[in-house]
Amino acid sequence: MSDLDFHPTSTFVLWANVFSPAELDLIEAYGDRLTAENATLLSDAPEGLVHGRIRVTQTAWLPPNAESKWIYDRIQGVARALNDRVYQFALSGFSENLQYTVYHGAEGGHYDWHVDHGPLRTRRKLSLSLQLSDPSRYEGCDLQFQAGNKIETAPRDRGTVIAFPSYVLHRVTPCTKGTRKAIVAWTTGPQFQ
Amino acid sequence: MSKSPALKVFGPLLTWQNVFTPKELDAIEALGDALMPMRAALASRKDSADHIRVTRVAWMERNPDTAWLYARLEELVMRMNQDHFHFELFGLAEAFQYTVYDGQEGGHYDWHVDLGGADVEPRKISLSLQLTDPARYEGCDLVLRAGNVPHVAERARGTLIAFPSYVLHRVTPIESGIRKSLVIWVSGPEFR
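Residues numbered from 1 in each chain as written. Chains lettered and ligands numbered in written order. Predicted model: local features only at pLDDT ≥ 70, side-chain atom pairs only at ≥ 80, totals over all residues. Heavy atoms only, no water.

Here the focus is the interface of chain B and chain A. Listed per partner, the contact involves 26 residues of chain B and 23 residues of chain A. At the boundary of chain B and chain A, one finds zero salt bridges. The tally of links between chain B and chain A comes to seven residue pairs in polar contact (both at pLDDT 80 or more). It is strand β7 (residues 108-112) of chain B that provides the largest number of residues to the side of chain B that touches chain A, a total of three residues. Its residues assigned to classes, the side of chain B that touches chain A comprises 13 nonpolar, six polar and seven charged. (Contact = heavy atoms within 4.5 Å. Salt bridge = Lys/Arg side-chain N within 4 Å of Asp/Glu carboxyl O. Polar contact = N/O pair within 3.5 Å; in protein donor to acceptor, adjacent residues only side chain to side chain. Helix = DSSP H or I, 4+ residues; strand = E, 2+ residues; numbered from the N terminus. Nonpolar A, V, L, I, M, F, W, Y, C, P; charged D, E, K, R; others polar.)

Residue and element names in this part refer to chain B. Two numbers describe how helix α1 (residues 22-34) lies on helix α2 (residues 67-85): the axes approach to 11 Å, and their chain directions differ by 120°. Considering their axes alone, α1 and α2 lie oblique with respect to each other. Our pair here, α1 against α2, has a crossing hand that is left-handed. Between α1 and α2, the contacting residues are Glu 24, Ala 27, Ile 28 and Leu 31 on the first element and Trp 68, Leu 69 and Arg 72 on the second. Residues that form the contact of α1 with α2 fall into these classes: five nonpolar, no polar and two charged. (Axes fitted to C-alpha atoms, helices over the stretch in contact; angles between N-to-C directions. Parallel < 35°, antiparallel > 145°, perpendicular 65-115°, else oblique. Left-handed = near helix turned anticlockwise from the far one by under 90°.)

It is worth spelling out the nonpolar core at this point. Membership of the largest hydrophobic core comes to 92 residues, with the highest contact counts inside it found for Leu 73 and Leu 182 of chain B. Sequence-distant contacts of Leu 182 of chain B, defined by excluding residues within four places in its chain, comprise Ile 28, Met 60, Leu 69, Leu 73, Phe 96, Gln 97, Tyr 98, Leu 127, Ser 128, Leu 129 and Leu 131 of chain B. With six residues, the next largest nonpolar core counts Trp 113, Val 115 and Leu 169 of chain A together with Trp 111 of chain B among its residues. (Core = buried A, V, L, I, M, F, W, Y, C linked by side-chain atoms within 4.5 Å. Buried < 20%, exposed > 50% of the residue type's maximum accessible area, 1.4 Å probe, protein only.)

Here we come to the side chain of Ser 181 of chain B. Residue and element names in this part refer to chain B. Checked against the element boundaries, Ser 181 lands in strand β14 (residues 174-187). You can call Ser 181 buried: its relative accessible area is 1%. Here Thr 99 takes part through its side chain, which lies 2.7 Å from a polar atom of the side chain of Ser 181.

Another aspect to go through is the sheet that holds strand β4 (residues 53-54) of chain B. All names here are of chain B. A sheet is described by the order of its strands in space; here five strands give the open sequence β4-β7-β13-β10-β11, paired in antiparallel fashion. This sheet does not close on itself; its edge strands, each paired only once, are β4 and β11 (151-152). Two strands pair when backbone bridges link them, and strand β10 (residues 142-145) and β11 are joined in this way by two bridges, in the antiparallel orientation. Looking at β11, one finds that Leu 144 is bridged to His 151. (Pairing = 2+ DSSP bridges.)

Summing up the model confidence of chain B, the mean pLDDT is 88 and the portion of residues at 70 or higher is 88%. Within the model, pLDDT remains below 50 along residues 43-47 of chain B, and this stretch shows six contacts once partners closer than five positions in the same chain are excluded. (pLDDT = per-residue confidence, 0-100.)

So, about the packing of aromatic side chains. Evaluation of the coordinates by the stated rule reveals 17 aromatic pairs over all chains. Put simply, the rings of Tyr 87, Phe 89, Tyr 167 and Phe 192 of chain A together with Phe 85, Phe 87, Tyr 166 and Phe 191 of chain B touch in pairs and so form one group of aromatic residues. Across from the ring centre of Phe 192 of chain A, 4.8 Å away, lies the NZ or CZ of Lys 125 of chain A, which sits over that ring. Just above the ring of Trp 111 of chain B sits the side chain of Arg 145 of chain B; from NZ or CZ to the centre is 5.0 Å. (Phe/Tyr/Trp six-rings, centres within 6.5 Å; stacked < 30°, edge-to-face > 60°. Lys NZ or Arg CZ within 6 Å of the ring centre and 35° of its normal.)

Written out as structure tokens, the structure is:
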């Protein structure tokens, strides 16, 4: 766990090489087993400020247990360290499980512009996304942010964690080929003050 | 204050109508016009040229002429913060910004957030008071985005729009006429 990269005015921060390639293979195999068992195709519009089919993703929740503990520990460690060094948000912990998300080119996987923090999700403070797929395995499917007049694109490097305040507008562009997998995590805390 | 201002909540945005009487709005406009707004410089990006922002602004400082306006807005901000935002605030630390978008010069302000840079206190709540009758200009909409559908702010004169300063927003190009508004930022410690 090193490779923290941020600038005080960044829209998002990066932490490269959070897991080794061998560990990423294990996470992917574990996630694929879970999605094969109980994948949910999310294509919902849960918030007040959305319209239409904003999301097409296969997702599965990682149950916190002995088998997944090392994944939880690593990602939560990264989240805490990032928060200490960059954000200093008031956090109470992690009330939601890790989410394994799969975007398939074949079904036009995407997630339109949204924020993770809102009237129905007031407890999300810091959002994190772990890139699980090698960038050569898919096309499109970029995680993008907008906090100004230009759209910013997150790096695709396998093993990199991208973190951002949950109020930042972001999207995943349509996957045009192949498959992109990611782990998504949210830290929880009292409403932004 | 006119009786029973209507407060509407839409996601992170508050819209408050008829907060000031037409006569009070005239007085605010006269105060701003007397300051002879000059072409604005961006608060945090002085090197950025007109492609991001074209506006004339004047800073409306706290003084005996504006004391009533500061008092009124302080009261409104306190109420909306108690009822809705619950943010930690210092108060109205920055002067109000009187902004003029002119159809003759393609006034606009591209997508941005207000959080602030190195040289200003953190901004927590942003407010915009519509000063011009919507019949007097075209375009120049205040548009906010917190989801995949942009929200176009109410244009009626006297409407006060409030939102957390992290919300992405812009003012679309003005096509004709002149639009005036008063912009207010409420300062506080960094969001946490």
